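Spelled out, the chains give:
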Amino acid sequence: MNNMRMLAEEEENDDGTEVTWEDQQRINTFSKLNTRLRSIEERLEELKQEKEALDDLSTELELTDEDDSVLYKIGESFLHLPQPRAMKRLEKDQAVISAQVLDLSAGAEQCEKEMKELKVTLYARFGRAINLDE
């Protein structure tokens, strides 16, 4: 299955548009923003999974007896905590993750906004000679 074909003359991009230093800086900035956005999206996915696990844990802890001691993971260690204290710690951890998700979401929106502005500028200058889409 070889999908290679010759380009028609109208599809060829030999318009001789010169890439200036400023254009190259815009392209580099777009690349950095794209890399940062992918990194943020990966981290957001990890945090969402962690938040889901904490939500499941919250449900499980609500079903335990208040007199019971539960194992709670702090860092790399597990500690025996009374159920009420574990619930407070869990609520704190959930709040921290929610704040991180909000911060990362704002960062992703900022990257997308800047990338959109750069796309408009670069596509206006280079047209089909440049591909800024995934």
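About the thresholds
Throughout this document, residue positions are counted from 1 along each chain, in the order its sequence is written. Owing to the predicted nature of the model, reporting of local features is limited to residues with pLDDT of at least 70; listing and counting of side-chain atom pairs is limited to 80 or more, with chain, interface and lining totals taken over all residues. The basis for every side-chain value is the complete set of non-hydrogen atoms in the structure, without hydrogens or water. In this text, helices come from DSSP runs of H or I with a minimum length of four residues, and strands from runs of E with a minimum of two, each type numbered from the N-terminal end. For each residue, the accessible area found with a 1.4 Å probe, counting protein chains only, is set against the maximum for its type, and the residue is called buried under 20%, exposed over 50%, and partly exposed in between. In what follows, a contact means two residues having at least one pair of non-hydrogen atoms within 4.5 Å. With residues, only the protein chains shown are counted as cover, and all accessible areas are computed by Shrake-Rupley using a 1.4 Å probe. Here the term cavity refers to a set of points on a 1 Å grid, laid over the protein atoms alone, in which a 1.4 Å probe fits but cannot get out; the term pocket refers to an open set having protein on both sides within 12 Å along at least five of seven lines, with lining residues being those that place an atom within 4 Å of a point. Grid points are joined across faces, edges and corners, and a volume is the space filled by probe spheres set on the points. Under the grouping applied here, Gly and all other residues not named as nonpolar or charged are polar, the nonpolar ones being Ala, Val, Leu, Ile, Met, Phe, Trp, Tyr, Cys and Pro and the charged ones Asp, Glu, Lys and Arg. Note on aromatic pairs: the rings of Phe, Tyr and Trp (six-membered ring only in Trp) are paired at centre separations within 6.5 Å, and the planes decide the class, stacked below 30 degrees, edge-to-face beyond 60, tilted for the rest. When the NZ atom of lysine or the CZ atom of arginine is within 6 Å of a ring's centre and also within 35 degrees of its normal, the charge is said to sit over that ring. In this scheme, a helix's expected span is set at 1.5 Å multiplied by one less than its residue total. Salt bridge, as applied in this entry: a Lys or Arg side-chain nitrogen positioned within 4 Å of an Asp or Glu carboxyl oxygen.

**Some remarks on the overall build of the protein**
Item 1. Helix and strand content of the protein: 2 helices and 2 strands.
Item 2. When the helices and strands of the protein are read in sequence order from the N terminus, they spell out α-β-β-α.
Item 3. By residue count, 22% of the 134 residues in the protein fall in the buried class.
Item 4. Within the protein, residue pairs in contact and separated by at least 24 positions form 63% of the contacts whose partners lie at least 6 positions apart.
Item 5. Of the roughly 10400 Å² of accessible surface on the protein, a fraction of 49% belongs to carbon and sulfur atoms.

**Thoughts on the layout of surface pockets**
Item 1. When its volume is computed, the largest pocket comes out at roughly 280 Å³.
Item 2. A breakdown of the residues in the lining of the largest pocket according to their chemical character gives 7 nonpolar, 1 polar and 4 charged.

**Section: the environment of Leu44**
Item 1. Assignment of secondary structure puts Leu44 in helix 1 (residues 21-63).
Item 2. Residue Leu44 is classed as buried on the basis of its relative accessible area, which comes to 11%.
Item 3. Between the C-alpha atoms of Leu44 and Ala108, which are 64 residues apart in sequence, the distance is 9.5 Å.
Item 4. Not counting the four nearest positions on each side in its chain, Leu44 is found in contact with Val101, Leu104 and Ser105.

**What about the packing of aromatic side chains?**
Item 1. Applying the stated rule across the entire model yields 0 aromatic pairs.
Item 2. Lying over the aromatic face of Phe126, Arg125 brings its terminal NZ or CZ to 5.4 Å of the ring centre.

**Focus on helix 2 (residues 83-126)**
Item 1. The terminal C-alpha atoms of helix 2 lie 62 Å apart, and with 44 residues this matches the ideal 64 Å at 1.5 Å per residue to within 8%.
Item 2. Of the residues one or two after helix 2, Gly127 is the one with positive phi, at around 60°.

**Focus on the pattern of salt bridges**
Item 1. Counting across every chain of the model gives 6 salt bridges.
Item 2. The partner of Arg125 in a salt bridge is Asp23, with the nearest N and O atoms 2.6 Å apart. You can see Arg125 sitting in helix 2 and its partner Asp23 sitting in helix 1, a full 102 residues away along the chain.
Item 3. For Arg125, a relative accessible area of 36% corresponds to the partly exposed category.
Item 4. The partner of Asp93 in a salt bridge is Arg89, with the nearest N and O atoms 3.6 Å apart. Here Asp93 and its partner Arg89 are both found in helix 2, 4 residues apart, which amounts to about one turn of the helix.
Item 5. The class of Arg89 is partly exposed, set by a relative accessible area of 29%.
Item 6. Members of the salt-bridge network, linked through shared partners, are Asp23, Arg26 and Arg125.

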